[in-house]
Amino acid sequence: MDKGGEYRSLIGLPGGMNHASVPAMEAIAKDAGFKIVAGKGDDPDTLGKQIVYLYDTAQFPFYQAEVYHQYHNDFQSPPYGKAYNQLATAAFEDGRLQTTGCPDRV
């Protein structure tokens, strides 16, 4: 199973907790039994903690991994569904994800 801080659940938005979408995200998270928490960097894994870290993208910019690692299923749980898995293809096709020189599968 994938464990450790590198597998924490997170969202990155400009302004972090000050982003206009935060109240709506907090309500949705609460309804699902989760809490949105400000990311501080080098935060621990969220496995079993019912939290999602929210990072300010100005302070913590996005660094892309291999395309294969974007939007894939956890290997120990049921599949997330085709709509989720196809997000990688859409992001690759519109340029939000790019090849990294490592083996990529889209």
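Residues numbered from 1 in each chain as written. Predicted model: local features only at pLDDT ≥ 70, side-chain atom pairs only at ≥ 80, totals over all residues. Heavy atoms only, no water.

*Asks:* What's the story with the sheet that holds strand S3 (residues 51–56) in this structure? I'm lost.
*Replies:* The strands making up a sheet associate through backbone hydrogen bonding, with each pair oriented either parallel or antiparallel. Ordered in space as S1-S3-S2, the three strands form an open sheet in which the pairing is parallel. Each edge of the open sheet carries a strand with a single partner, namely strand S1 (10–13) and strand S2 (35–38). This sheet shows a mean twist of 30 degrees between the axes of neighbouring strands, independent of strand direction. (Pairing = 2+ DSSP bridges. Helix = DSSP H or I, 4+ residues; strand = E, 2+ residues; numbered from the N terminus. Axes fitted to C-alpha atoms, helices over the stretch in contact; angles between N-to-C directions.)

*Asks:* Any chance you could explain the pairing of S3 here in plain terms?
*Replies:* Within a regular strand, the side chains alternate between the two sheet faces. By the criterion of burial, S3 is predominantly enclosed, with five of the six residues buried. In this sheet, S3 lies alongside S1 in parallel orientation, the contact comprising four bridges. From the neighbouring strand, Leu10 faces S3, where its bridge partner is Tyr53. Taken together, the four bridges between S2 and S3 define a ladder with parallel strand orientation. Each residue of the ladder has a partner; that of Val37, found in S3, is Tyr53. (Buried < 20%, exposed > 50% of the residue type's maximum accessible area, 1.4 Å probe, protein only.)

*Asks:* Just checking my understanding: could you explain the nonpolar core for this structure?
*Replies:* Inside soluble globular proteins, nonpolar side chains tend to come together where they are buried. In terms of nonpolar packing, the biggest core is built from seven residues, these being Leu13, Val22, Met25, Ala29, Ile36, Val52 and Leu54. In this structure, Ala29 is in contact with Phe34, Lys35 and Ile36, ignoring residues within four places of it in sequence. (Core = buried A, V, L, I, M, F, W, Y, C linked by side-chain atoms within 4.5 Å. Contact = heavy atoms within 4.5 Å.)

*Asks:* Is there a simple way to explain the confidence of the model for the protein in this structure?
*Replies:* Any segment with low pLDDT has predicted coordinates that should not be analysed in fine detail. The predicted model of the protein averages 87 in pLDDT, with 94% of residues at 70 or higher. In the model of the protein, helix H3 (residues 87–93) stands out as the element of lowest mean pLDDT, 86, in contrast to S2, which has the highest, 98. (pLDDT = per-residue confidence, 0-100.)

*Asks:* Help me out: how do you make sense of helix H1 (residues 22–31) in this one?
*Replies:* Count 3.6 residues to each turn of an α-helix, and residues three or four apart come out pointing the same way. For H1, the complete set of buried residues consists of Val22, Met25 and Ala29. Down the axis of H1, the buried side of the element spans an arc of 60 degrees, and every buried residue falls inside it. For H1, exposure combined with an orientation more than 90 degrees from the buried face picks out Pro23, Ile28, Lys30 and Asp31. Where H1 is buried, its residues contact S1, S2 and S3. Looking at the residues trailing H1, positive phi occurs at Gly33, about 85 degrees. (Arc of directions from axis to C-beta.)

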